[in-house]
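# Summary of structural features
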Amino acid sequence: MANQTSDFRTCPTTGLKVHLPAQTLIRINAVTAVVYILIGGILALLVALTRWPAVHLLPADLFYRALTAHGVTMLIFWVIFFEIAGLYFGSAVLLSTRLVGIVFGWVAYLMMLAGSLMTEYTILIGQADVMFSAYPPLKAHPLFYLGLILFAVGALIGCILFFATVIMAKAEGKYSGSLSLVSFGLAIAAIIAVVTIAGGAAILIPTFLWSVGLLSHIDAPTYRLVFWLFGHSSQQINVSAMVSIWYLLAALTVGAKPVSEVFSRTAFLFYAFFINVASAHHLMVDPALTTPWKIWNTGYVFHLAVVASMMHALAIPASIEVAQRKKGYVHGLFEWLKKCPWENPGFSAMVLSFCGFGLLGGITGVVFGTEQIAIVTHNTWRITGHFHTTVVLGTTTAFMGLTYYVIPLIFQREVMMPKLAMIQPWMFAIGVAIFSIAMIAAGGYGVPRRHWDITFAGAPYGFEFSPTVFLLMSVMGLGAIMAVLGGAIYCLVTVGSVFFGKKIS
Amino acid sequence: MAEKKPYDDHVPFPAPGTLVLALMFLAVFIIFYILNWKWLSMVWEVK
Amino acid sequence: MAFNLPERVWWKPMHTEEKVWIVLCVIFGLTTFFFMPVWHMIGHQNPPSETYKLLPSQFADKVNTFVDQYAVKEASGEVKTDKGTPIVHPPGGSDIYLMGKQWIWYPILELEKGKTYRLHLSTIDVEHGLSIYPLNMNFMALPDYDYVLTITPGEAGEFPILCNEFCGIGHHKMVGKIIVKE
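Residues numbered from 1 in each chain as written. Chains lettered and ligands numbered in written order. Predicted model: local features only at pLDDT ≥ 70, side-chain atom pairs only at ≥ 80, totals over all residues.

Glancing now at the environment of asparagine 138 of chain C. Tracing the backbone shows asparagine 138 of chain C in strand β9 (residues 137–141). When the C-alpha atoms of asparagine 138 of chain C and tyrosine 106 of chain C are compared, they prove to be 17 Å apart, with 32 residues separating the residues in sequence. Each residue touching asparagine 138 of chain C, except ones within four places of it in the same chain, is listed here: Val285, Ile375, His378, Asn379 and Thr380 of chain A together with Gly129, Leu130, Ser131 and Asn164 of chain C. (Helix = DSSP H or I, 4+ residues; strand = E, 2+ residues; numbered from the N terminus. Contact = placed C-beta atoms within 7 Å.)

Shown next, in the form of structure tokens:
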């Protein structure tokens, strides 16, 4: 059945053969992802406007609820739905082959959908005001954990389908030799995902049992250790997926080709081996862990995963430069850069994501995660600023950029409102950069994360942060509004194009 | 140059602009890293 | 292109510049890695690792004994408090206790500048995060674990302490203080 030629269409732009049942799955996962970024974005606005002291929008209970929902929606549901779409794309479409086990693809999707709705519902009715990290002894309603477990198992099935498709394609002779660099990078992301989801199961299942009363106790440091294998590593899936998307977008936008396959593939391999230990950097000022353990793990094993990112930091612009120079832009050191297609949202999103992730997110991540420096960064807003530059400025901007290609290639629609689409990545990325830098600076003054009121009204001993902090928090609010507008345009253009865009036959 | 052996060691790296950008990035990284140790060294002693 | 299958033989040697970049990055990575153990030898700010396991009730007992022993007394003989929380002045070099509970830091510690203390940090309910302002020093308080920070106040003054780990609806009101005397 699956090999019938009627199940395929040929993409007029890329020449790839697209498996239609896979295409439907990619579409539904991508659309769900966009719905979640829309919800997460509304929550982001509420959270930011509450932390902006001059506005202080929500009351305390709603603020903590919105913050919990924002974290879970964005860090788990938005990125993983998009990544599952990306995995099906990176296997079936890029290899011009069939997606193995379409039925399981639907099972995976329905489990993820049901799980995510269950968790969202539990948070929104106020039964899980525990933050994304949900550290016991804070206890949420059992459905909160059950929803996350269901979601994770669904995502695991998606990863297995990816591997099955890649293996099957080889067995059926659809390709020979090695995978393309993009598919290879996505395969690394899928490997990290399997480890991540195993970590999630290892901690969420006992925590679920505890929440229903079948276990009497969850050890706090054990939870923290295993939770972050899930909570942080899920962001390492993003890193590998995002870097793959950078290579993909560089190829789609300027025709870039990796300068050295060995160089780029080695870097991806380093991710697979070394990146997950980095989740230890959440635990640097925790009791119960020894100093050598902290150093070895927070140091990513001699910082080899950091070296990997820095290798991509050379390889990706180099591939763009080579492609541009071939087009004749050879004057001086930077003519190639000036003549890049900056008006193409796929290209600008890629560059903004790349620069933001490396220059802001990467640097702050390595430095703040250093064992001793964690003393002056742990749980302050410096951390919140850091991961918004990685997950939002990096991953989300890259995913947005890819969307402008997914719409014509997979949804077979033209992108509507091209002018708006052109400014969208700029608005979003600059907004995120502004609020993240403001957060990092305010965090340097000791502003805590996840905190409703830094004026401490009602606290036994009041004190005031310096006026600089209040200025920075206002800058944060303005940056956040800009980013949310950029995100809103993204949702508008995407949803508009998918449903009402001109059909490409 | 690209026609002959593009991966040969003797062929200069085809992206000189990128090299400059990468080195600038490394410099920023090092400066930020050192600054943070400096800031850390100003707080109370703890072990 | 990056999404097409690579040439059949793609494992060709890298450019010299690429190798140099890897070497530079590895040197930087090794430096940042080994500077952590080095700072344990030459630096004075290192995350403590001394930890003891104990029940929250045992920790609460220790805190109460500590408060009884070193509480600052008014002229009338009553324990001096600030907003209901006792002020405690332990001698330099002693074991001191700080307990997080929803939503106060207990007790108020009065320390002496330049003296070294063994600060026992824990919580009797949920997780809390100790954040000393304006120094911006941060440590975790976890239930069932006594975390010992060997700490030396470097300057005199009043230092508000916040909670920076979400601990429930009153989280933002959880402010205590440490007083450091000359």
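So, next bit.
Turning next to the domain arrangement of chain C. Structurally, chain C comprises domain 1 (15–44) and domain 2 (51–181). Distance between the C-alpha centres of domain 1 of chain C and domain 2 of chain C: 38 Å. (Domains from an automatic or database assignment.)

Another point: the interface of chain A and chain C. At the interface, 71 residues of chain A touch 62 residues of chain C. Breaking the side of chain A that touches chain C down by element, the ones donating at least two residues are α2 (60–93), α5 (181–211), α6 (220–231), α7 (233–254), α8 (261–274), α9 (291–298) and α10 (300–326) of chain A. With 8 residues, the top contributor of residues to the side of chain A that touches chain C is α10 of chain A. Looking at the side of chain A that touches chain C, its residues break down into 45 nonpolar, 17 polar and 9 charged. (Nonpolar A, V, L, I, M, F, W, Y, C, P; charged D, E, K, R; others polar.)

Our next topic: the environment of valine 226 of chain A. All names here are of chain A. You can see valine 226 is positioned in helix α6. On the basis of neighbour counts, which here come to 21 C-beta atoms within 10 Å, the residue valine 226 falls in the buried class. A C-alpha to C-alpha distance of 14 Å links valine 226 and valine 194, two positions 32 residues apart in sequence. With near-sequence residues (within four places) excluded, valine 226 lies in contact with Gly199, Ala202 and Ile203. (Buried ≥ 20, exposed ≤ 12 C-beta atoms within 10 Å, placed from the backbone.)

With that settled, the discussion passes to the nonpolar core. Residue and element names in this part refer to chain A. Counting 250 residues, the largest nonpolar core has Phe81, Tyr88, Trp246, Ala250, Ala442 and Met476 as its most contacted members. Here this core takes 22 residues from α2, the largest share from any one element. In this structure, tyrosine 88 is in contact with Ala22, Leu25, Ile26 and Leu99, ignoring residues within four places of it in sequence. (Core = buried A, V, L, I, M, F, W, Y, C linked by C-beta atoms within 7 Å.)

All names here are of chain C. Across the 7 residues of strand β7 (residues 117–123), 6 count as buried, placing the element largely inside the fold. Here β7 runs beside strand β10 (residues 145–152); their pairing, made up of 5 bridges, is antiparallel. Among the inter-strand pairings, leucine 119 is bridged to a residue of β10, identified as leucine 149. (Pairing = 2+ DSSP bridges.)

So, on to the packing of helix α14 (residues 418–444) of chain A against helix α15 (residues 467–500) of chain A. All names here are of chain A. Running from amino to carboxyl end, α14 crosses α15 at an angle of 155°, the nearest separation of the two axes being 7 Å. Here α14 lies roughly antiparallel to α15, going by the angle between them. At the point where α14 passes α15, the crossing takes the left-handed sense. For the contact of α14 with α15, the per-class residue count stands at 24 nonpolar, 5 polar and no charged. (Axes fitted to C-alpha atoms, helices over the stretch in contact; angles between N-to-C directions. Parallel < 35°, antiparallel > 145°, perpendicular 65-115°, else oblique. Left-handed = near helix turned anticlockwise from the far one by under 90°.)

Each strand in a sheet pairs with another by means of backbone hydrogen bonds, the pair being arranged parallel or else antiparallel. All names here are of chain C. Taken together, 7 strands build an open sheet; the order of strands is β2-β3-β6-β12-β11-β8-β9 and the sheet is mixed. Unpaired on one side and paired on the other, β2 (81–82) and β9 mark the two borders of the sheet. Here 2 bridges tie strand β3 (residues 85–88) to strand β6 (residues 108–112), and the two strands are oriented parallel to one another. Paired with valine 88 across the strands is leucine 109, a residue of β6.

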